[in-house]
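Report on the structure
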Amino acid sequence: MRAAISSGCTFWDGGEFYGTPSSNSLTLLNDFFTSHPSEADKVIVNIKGALGPGMVVNASPEALRQSVERCVQMLDGKAKIDMFECARRDRNVPLESELATLQGLVEEGLIGGIALSEVNAETIRKAARLAKILAVEVEISLFETGPLGNGITDACREFNIPILAYCPIGRGMLSGQIKCFDDLPEKDFRRMLPRFQPANFENNMKLVKQLEVLAQKKGCTSAQLAIVWIVNLSRREDMPTIIPIPGATTAERVMENAKAGEVKLNEEEMAEIGEVLKTCEVAGERYHAAGMKSISHDRNSLESLGAHHFSPRIQICMWGRKPNTFILSI
Ligand SMILES: NC(=O)c1ccc[n+]([C@@H]2O[C@H](COP(=O)([O-])OP(=O)(O)OC[C@H]3O[C@@H](n4cnc5c(N)ncnc54)[C@H](OP(=O)(O)O)[C@@H]3O)[C@@H](O)[C@H]2O)c1
């Protein structure tokens with residue numbers, strides 16, 4: 001976290017359910033700002049919440065308020081929640097109600113503003129007409145280009161809403177550091193994901209290896225190439241601001257990822273990456289069947305993912321059009 005601040009990464013993103021009730025993004029923030037109180041004003045904090053027992057989203061007015069109140073309580077005044085997201089859309093609660101609850105919490109000063117997570121283009125447009133939406137968090141990477149073609153980037157551009165591109169390093173695989181399924185630790189969440197299953201893994205390594213060659217040519221790491229590809233997308237006229245939010249657990253990786261902003265890709269190099277994407281089709285969905293059913297775009301629970309799989313994480317992200325302004329997520 002100190003490395004992130006010293007790299008200029010001062011927009012941080014976390015989740016109430018990343019970890020346990022006693023050790024999660026919020027408690028980590030509390031610990032950090034207790035030791036470094038003077039840094040609190042330098043950082044903007046975005047938090048995901050509203051997941052009830054079994055990781056099922058509950059955006060009823062009561063549950064949403066309780067989630068926000070728990071987060072505020074865990075921060076204990078050490079930092080403020082600048083933006084809050086329901087981790088998923090709750091199909092049992094009208095969007096109008098969810099946004100009205102969040103707006104009320106903004107007016108009470110418990111949160112600074114509203115963002116959205118895993119929503120589709122239609123929801124983005126509807127939400128943007130109902131409330132001020134500060135950001136939309138969806139998966140975008142060289143493994144997952146869906147939002148570029150399914151209307152999500154168009155909707156965000158239309159309403160000038162920045163996208164937080166999560167898993168920009170393909171949950172680590174695009175870094176080239178994981179060579180096979182067995183490299184994943186025994187209880188690692190990725191062992192359940194289709195893209196990491198041995199046959200798919202082998203197929204997806206073709207893309208990873210081709211990207212490795214391009215990264216070597218550029219003199220950067222594969223992780224940096226994956227990140228800077230998103231930064232470059234963000235610079236395109238037909239795109240909204242897209243902010244990659246890679247996760248990492250060491251200061252070295254945080255700094256390496258932050259330096260991706262220094263790598264410059266020209267149009268030819270972007271086209272070359274585009275060609276690689278066309279020839280190497282990614283095998284396997286983003287989540288397993290139950291997870292796909294549960295995740296959205298605009299579906300309603302994370303039940304099959306299991307809270308215990310999430311641990312407090314550090315992510316470092318950068319605003320696409322302002323490469324010197326970075327974001328850290330925890
Ligand atoms: N909104 C949503 O619905 C949603 C859903 C899922 C995830 N997310 C967000 O996305 C985050 C998860 O993304 P992620 O962190 O799994 O995906 P990621 O950023 O694509 O990949 C992170 C992985 O890459 C590794 N890594 C990071 N920098 C590296 C480098 N320079 N070289 C080699 N390896 C590197 C990390 O290793 P180490 O950890 O070992 O350092 C970690 O295993 C969550 O924390 C969450 O905030 C959001």
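Before reading on, note that the structure itself is shown above.
A brief structural summary. Values in this document were obtained by computation on a predicted structure and should not be read as measured data.

Definitions and limits used
Residues numbered from 1 in each chain as written. Predicted model: local features only at pLDDT ≥ 70, side-chain atom pairs only at ≥ 80, totals over all residues. Helix = DSSP H or I, 4+ residues; strand = E, 2+ residues; numbered from the N terminus. Buried ≥ 20, exposed ≤ 12 C-beta atoms within 10 Å, placed from the backbone. Contact = placed C-beta atoms within 7 Å. Expected span 1.5 Å × (residues − 1). Near = placed C-beta within 6 Å. Pairing = 2+ DSSP bridges. Arc of directions from axis to C-beta. Right-handed = clockwise from strand over helix to strand, strands pointing away. Core = buried A, V, L, I, M, F, W, Y, C linked by C-beta atoms within 7 Å. Axes fitted to C-alpha atoms, helices over the stretch in contact; angles between N-to-C directions. Parallel < 35°, antiparallel > 145°, perpendicular 65-115°, else oblique. Left-handed = near helix turned anticlockwise from the far one by under 90°.

Moving on to the overall build of the protein chain. When you go through the protein chain residue by residue, the secondary structure sums to 12 helices and 12 strands. Out of the 330 residues belonging to the protein chain, those deemed buried represent 47%. The contacts in the protein chain between residues at least 6 apart in sequence include a share of 75% that link residues at least 24 apart.

Glancing now at helix α4 (residues 95–107). For α4, with 13 residues, the first-to-last C-alpha span of 18 Å sits near the 18 Å given by 1.5 Å per residue. Residues of α4 that are buried sit in contact with α3 (61–75), β5 (83–86), β6 (114–117) and α5 (121–130). Among the residues trailing α4, Gly 109 stands out with phi positive, at a value near 85°.

Attention now moves to the site of the ligand. Close to the ligand lie 28 residues; Ile 169, Gly 172, Ser 175, Ala 223 and Gly 247 are nearest. Of all elements in the fold, only β10 (247–248) and α10 (251–258) reach the threshold of two or more residues within the shell around the ligand. With 3 residues, α10 is the largest single contributor of residues to the shell around the ligand.

Attention now goes to the pairing of strand β1 (residues 9–15). Counting buried positions along β1 gives 6 out of 7 residues, so the element sits mostly inside the fold. Two strands pair when backbone bridges link them, and β1 and strand β4 (residues 44–49) are joined in this way by 5 bridges, in the parallel orientation. Paired with Gly 14 across the two strands is Ile 47, which belongs to β4.

A few words now on unusual backbone geometry. Look at Asp 76: it is not a glycine, yet its phi comes out positive at around 50°. With respect to the helices and strands, Asp 76 occurs in the loop between α3 and β5. A count of 13 C-beta atoms within 10 Å places Asp 76 in the partly exposed class. Notably, Glu 118 is not glycine yet its phi reads approximately 50°, a positive angle. By C-beta crowding, Glu 118 is classed as buried, having 25 other C-beta atoms within 10 Å.

Moving on: α5. Restricting attention to buried positions, one finds in α5 the residues Thr 123, Ile 124 and Ala 127. One face of α5 carries all of its buried residues, which in axial projection span an arc of 100°. Against the buried residues of α5 lie α4, β6, β7 (133–139) and α7 (152–158).

This part takes up the pairing of β7. Here β7 lies mainly inside the structure; 6 of its 7 residues are buried. With 3 bridges joining them, β6 and β7 adopt parallel strand pairing. Bridging from a neighbouring strand, Leu 116 pairs with Val 136 of β7. The β-α-β motif built from β6, the intervening α5 and the parallel element β7 has right-handed crossover chirality. Pairing of β7 with strand β8 (residues 163–166), which is carried by 4 bridges, proceeds in the parallel orientation. Its bridge partner being in β8, Glu 139 is matched across the sheet by Tyr 166.

Okay, the nonpolar core next. Phe 84, Ile 124, Val 136, Ile 163, Ala 165 and Leu 174 are the most contacted members of the largest nonpolar core, which totals 87 residues. It is helix α9 (residues 222–235) that contributes the most residues to this core, 9 residues altogether. For Ile 124, the residues in contact, after removing those within four places along its chain, are Leu 116, Val 119, Val 136, Ile 152, Ala 155, Cys 156 and Ile 161.

This part takes up the packing of helix α2 (residues 25–35) against α3. The contact between α2 and α3 brings their axes to 8 Å, and the two run at 25°. In terms of their interaxial angle, α2 and α3 are classed as roughly parallel. Considering the relative orientation of α2 and α3, their crossing is right-handed. Taking contact as the criterion, the partners of Leu 26, Thr 27, Leu 29 and Asn 30 in α2 are, on α3, Cys 71, Met 74 and Leu 75.

Let us now look at the environment of Phe 84. Note on placement: Phe 84 falls in strand β5. Classification of Phe 84 as buried rests on a count of 27 C-beta atoms within 10 Å. Placed 37 residues apart in sequence, Phe 84 and Ile 47 show a C-alpha to C-alpha distance of 4.9 Å. Aside from chain neighbours lying at most four places away, what touches Phe 84 is Ile 47, Gly 49, Val 68, Leu 102, Ile 111, Ile 114 and Ala 115.

Right, let's get into the environment of Glu 267. Its location among the elements puts Glu 267 in helix α11 (residues 267–279). Once the C-alpha coordinates of Glu 267 and Asn 232 are considered, the two residues, 35 residues apart in sequence, prove to be 9.2 Å apart.

Next up on the list: the environment of Leu 75. Turning to its location among the elements, Leu 75 is positioned in helix α3. Of the residues examined, Leu 75 has 20 C-beta atoms within 10 Å and is grouped as buried. With 46 residues separating them in the primary sequence, Leu 75 and Leu 29 have C-alpha atoms 6.8 Å apart. Not counting the four nearest positions on each side in its chain, Leu 75 is found in contact with Leu 26, Leu 29 and Asn 30.

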